[in-house]
Amino acid sequence: MTASPRVLYTRETSLDVAEFKQVLIESGLGASRPVSDDKRLSDMINGSNLILTARLNQPSRRLLGVARGITDFVWCCYLSELAVSASAQGLGVGRALLKEVKQQLGPSVSLILASVPQATGFYERNGMERISDAFWFRRKH
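Cut-offs applied
Residues numbered from 1 in each chain as written. Predicted model: local features only at pLDDT ≥ 70, side-chain atom pairs only at ≥ 80, totals over all residues. Heavy atoms only, no water. Helix = DSSP H or I, 4+ residues; strand = E, 2+ residues; numbered from the N terminus. Rg over C-alpha atoms; globule rule 2.2 N^0.38 Å. Buried < 20%, exposed > 50% of the residue type's maximum accessible area, 1.4 Å probe, protein only. Contact = heavy atoms within 4.5 Å. Areas by Shrake-Rupley, 256 points an atom, 1.4 Å probe, with all protein chains shown as cover. Lys, Arg positive; Asp, Glu negative; His and termini not counted. Charge placed at Lys NZ, Arg CZ, Asp CG, Glu CD. Arc of directions from axis to C-beta. Polar contact = N/O pair within 3.5 Å; in protein donor to acceptor, adjacent residues only side chain to side chain.

Section: the overall build of the protein
Here is step 1 of the chain: Helix and strand counts for the protein come out as four helices and six strands.
Here is step 2 of the chain: In the protein, the succession of helices and strands from N to C terminus is β-β-α-α-β-β-β-α-β-α.
Here is step 3 of the chain: In summary, the protein has a C-alpha radius of gyration of 14 Å against a globular reference of 14 Å for 141 residues, a match within 12%.
Here is step 4 of the chain: Principal axes of the C-alpha set define a box for the protein whose edges measure 45 × 35 × 30 Å.
Here is step 5 of the chain: Burial statistics for the protein: of 141 residues in total, 39% are counted as buried.
Here is step 6 of the chain: Taking the intrachain contacts of the protein between residues at least 6 apart in sequence as the baseline, contacts between residues at least 24 apart amount to 59%.
Here is step 7 of the chain: Within the structure as shown, the protein displays about 8800 Å² of accessible surface, and the carbon and sulfur contribution to it stands at 54%.
Here is step 8 of the chain: Looking at charge distribution, the protein has the averaged site of its 18 positive side-chain charges lying 3 Å from that of its 13 negative ones.

Okay, here's the thing in structure tokens:
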């Protein structure tokens, strides 16, 4: 767990669906996530085994950002979301969440993600390499 005067970064075992949905919407990722389907959002949270949060370090503990991943903790981790509320973007919250993910996983675990086009520069600036030989079957809905 890492703390700053304003933001607390921690690993959580679960996440409230309403908070998760709000950060997805505020971050812009809501456009590509099923934010109108609480059951699916709940299943996404429950299917994750790595949830790191950035919360306002005040009694409200308002959620500012979330990194949600699926990993075996020894070989690879798929980071399915790195979402930061628009009000906290540009403050280093995304960078700190990415750093915390790497710290939780350690140096022997690969971190893999699919970026939205407008975030590719962020990942490159934070030392991630583009990969050319990646493939996927797109979801139907």
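A short note on helix H1 (residues 17-27)
Here is step 1 of the chain: Considered for burial, the residues of H1 that qualify are Val 17, Phe 20, Val 23, Leu 24 and Ser 27. With its buried residues spanning 135 degrees around the axis, H1 presents them on a single face.
Here is step 2 of the chain: Measuring from the backbone nitrogen of Ala 18 back to the side-chain oxygen at the start of H1 gives 3.1 Å, which picks out Asp 16 as the cap.
Here is step 3 of the chain: Note on H1: the residue one or two positions beyond its end, Gly 28, has a positive phi of about 100 degrees.

Limitation: the analysis is restricted to geometry and does not speak to function.
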